[in-house]
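Tertiary structure, described
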Amino acid sequence: MAEDSDFIMRQIKSFAEGFGYMVGKKDGEKTEVVFEQQQGQGDKIHRDITELLMHQKYEQAIQYVYAQKFTLEEGQYFILGQWLLGKLSDIPEISQDVIEEFRINIEKHRPSIN
């Protein structure tokens, strides 16, 4: 189909499918719509995460980082995850289990040294 070759149409189609899934199955998996990252958006990512942390939205900050897996190179994604781990470790009210689960998921993306 023609819409499969157009980025915007693919995103709209993906959004519609995800929305339909969420409406149809409330207990289903989380569905995300991911847009390509524009150059220079790295600072925005850090600002957005910092804002979430300031408002004590820790789980949303973690999910925000997970969403970057599709827009950042693996090395950049790993660095971002390590940065958030450092921030989360300084917040005493966050469960250590949550931090450890995030750490394990980020470690899977550690760049290999050749």
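**Digging into the nonpolar core**
Counting residues in hydrophobic clusters, the biggest one holds 21 residues, and the most contacted among them are Ile49, Leu53, Val65, Leu84, Leu88 and Phe102. Secondary-structure elements contributing two or more residues to this core are α2 (42-54), α3 (58-67), α4 (74-89) and α5 (96-107). The greatest single-element share of this core, amounting to six residues, is contributed by α4. Excluding anything up to four places from it in sequence, Leu84 contacts Ile49, Leu53, Ala61, Ile62, Val65 and Phe102.

**Quick word on the pattern of salt bridges**
Any two side chains of opposite charge can pair if their charged atoms end up close together. A full pass over the atoms with the stated rule returns three salt bridges. Between Lys44 and Asp48 there is a salt bridge whose closest N-O contact spans 2.6 Å. Of this pair, Lys44 and Asp48 both sit in helix α2, separated by four residues, roughly a single helical turn. Here Glu100 makes a salt bridge to Arg103, at a shortest N to O gap of 3.4 Å. Of this pair, Glu100 and Arg103 both sit in helix α5, separated by three residues, roughly a single helical turn. With relative accessibility at 38%, the residue Glu100 sits in the partly exposed group. Classification of Arg103 by relative accessible area gives partly exposed; the value is 32%.

Reading the values: the criteria
- Sequence order as written defines residue numbering, which begins from 1 separately in each chain.
- Totals for whole chains, interfaces and linings use every residue, but because this is a predicted model, local features are given only for residues with pLDDT of at least 70 and side-chain atom pairs only at 80 or more, for both listing and counting.
- Values reported for side chains reflect all heavy atoms of the structure, with hydrogen atoms and water molecules removed beforehand.
- Here, nonpolar core means buried Ala, Val, Leu, Ile, Met, Phe, Trp, Tyr and Cys residues that are tied together by side-chain atoms lying within 4.5 Å of each other.
- Each residue is assigned to one of three classes by its accessible area relative to the maximum for its type, calculated with a 1.4 Å probe on protein chains only: buried under 20%, partly exposed between the two thresholds, exposed over 50%.
- Per the convention used, a helix needs a DSSP run of H or I reaching at least four residues, while a strand needs a run of E reaching at least two, with both numbered from the N terminus.
- Between two residues, a contact is recorded if the distance between any of their heavy atoms is within 4.5 Å.
- Basic side-chain nitrogens of Lys or Arg form a salt bridge, by our definition, when they fall within 4 Å of a carboxyl oxygen of Asp or Glu.

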